[in-house]
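Given next are the chains, with one letter for each unit.
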Amino acid sequence: MTLRLSRELIRSRPFAALASVCSVAALAAPAPAIAGGAPTGSGGGGIAKPTVVLVHGAFADASGWDGVVERLQRDGYPVIAPANPLRGLASDSAYLASVLKSVKGPIILAGHSYGGAVIGEAAAGNRNVKALVYISAFMPDKGETLGALGAKFRGSELNPALRQVPFQDGDGTTGTDLYIKPDKFHQVFAADLAASTAAQMSATQRPISAAAFTEKARGAAWKSIPSWFLVATKDRAIAPDLERFEAKRSGSHTIEVNSSHVAMISHPGTVTSLILDAIRTEASGTPSLATTGSTTSATGLIGVGAIVAGVGLIVAVRRHEARDR
């Protein structure tokens, strides 16, 4: 079910609009304290808010989440944005899994780009992870490689924009790092940001090991954990049609935004709104799962309350869109 969004308006056919309302029907239930009450901790008597963990992708660092972190902290949510090593899918996922184990209480886990592949493997088997949020991301199934997944659809301009740089580790092993060429960075990675901002991001980009694109995913947590997906319709790093395919396959609650690959930077309010939707829906106790995994029925929620909830989400997202400008 997809809710299509743009800066100017929300486009949807009647049936698609109804489907979008259904996807957020869980919001019709009264929101417990986790959605907007007292922050975590002792003494308040309220339910502790979940910790939001934000995972960045390749050619970037955790600072790309700054606008989202600011908004979530303003609403009282504890946030962690760890450094993703970018050395390989297995090792990066193992590292993130260890970070997640250090977090007490419920977790809402979000990943951008390559970070989506990492969260899908790292969250497998962790009962504290209540929702997965994918922002213009890779979302592989078990046994898939990112290289093969990325080749399924046209629209990505990433491969010809890459620069390969050999590296050697302290133990003598060697490999190849991938960077985006400076003259391609703005167009491919961050076209809706100012050229000066993209130039700074290019200069400080963190490379990813080429091996990360050839390793097979060992887990697909989205089959057992409810997921949300933001499709960036102007993405030139990951094909928008691939993002749509992944979101549909996983049964994700989906929105589409006229954004470049870095939606969390150019549309931080919208990304925050999607994360908050995941928090509130999870808190209601009726989130839906991918049809390829377990299922939770939301039958009976379609009605006046569901319509009001759907309109409420649309209004909330449009308010965040206005704040993004």
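So, a few notes on the structure that sits alongside this text. Note on numbering: residues in each chain are counted from 1, in written sequence order. Local features in a predicted model are, by the rule used here, given only for residues with pLDDT of at least 70; side-chain atom pairs are given and counted only at 80 or more, and totals for whole chains, interfaces and linings are based on all residues. With hydrogens and water excluded, all non-hydrogen atoms of the structure serve as input to the side-chain values.

**Some remarks on the overall build of the protein**
Each helix corresponds to a stretch of at least 4 residues labelled H or I by DSSP, and each strand to a stretch of at least 2 residues labelled E; elements are numbered beginning at the N terminus. A count of helices and strands for the protein gives 11 helices and 10 strands. For every residue, the accessible area obtained with a 1.4 Å probe (protein chains only) is divided by the maximum for its type, and the residue is called buried under 20%, exposed over 50%, and partly exposed between those limits. The proportion of buried residues among the 325 residues of the protein is 51%. Within the protein, residue pairs in contact and separated by at least 24 positions form 73% of the contacts whose partners lie at least 6 positions apart. Only the protein chains shown count as cover for residues, with accessible areas throughout obtained via the Shrake-Rupley method and a probe of 1.4 Å. Here the protein displays about 14100 Å² of accessible surface, and carbon together with sulfur accounts for 54% of that area. Residue contacts follow a heavy-atom distance rule, with two residues in contact if any of their heavy atoms lie within 4.5 Å.

**Structural notes on the packing of helix H3 (residues 89–101) against helix H4 (residues 114–122)**
Axis lines are fitted through C-alpha atoms, for helices just across the contact stretch, and the angle between N-to-C directions can take any value from 0 to 180 degrees. Here H3 crosses H4 at 60°, and the two axes come no closer than 8 Å. As for the relative orientation of H3 and H4, their crossing is right-handed in sense. Where H3 approaches H4, its residues Leu89, Ala90, Asp92, Ser93, Leu96, Ala97 and Leu100 are matched on the opposing element by Tyr114, Ala117, Val118, Ile119, Glu121 and Ala122. Throughout this entry, Asp, Glu, Lys and Arg are counted as charged residues, while Ala, Val, Leu, Ile, Met, Phe, Trp, Tyr, Cys and Pro are counted as nonpolar. The remaining residues, Gly among them, count as polar. Here the contact of H3 with H4 is composed, by residue class, of 10 nonpolar, one polar and two charged. A clockwise turn of the near helix away from the far one marks a right-handed crossing, whereas an anticlockwise turn of less than a right angle marks a left-handed crossing.

**Notes on the sheet that holds strand S6 (residues 162–168)**
In a beta sheet, neighbouring strands are held together by backbone hydrogen bonds and run either parallel or antiparallel to one another. Strand pairing is assigned whenever DSSP identifies at least 2 bridges connecting the two strands. Spatially, three strands are ordered S6-S7-S8 in an open sheet, and the strand pairing comes out antiparallel. Each having just a single partner strand, S6 and strand S8 (208–209) make up the two edges of the open sheet. Pairing geometry for strand S7 (residues 174–180) and S8, over two bridges, is antiparallel. Note on S8: the bridge partner recorded for Leu178 is Ile208.

So far we have only geometry, and geometry alone does not tell us how the molecule works.
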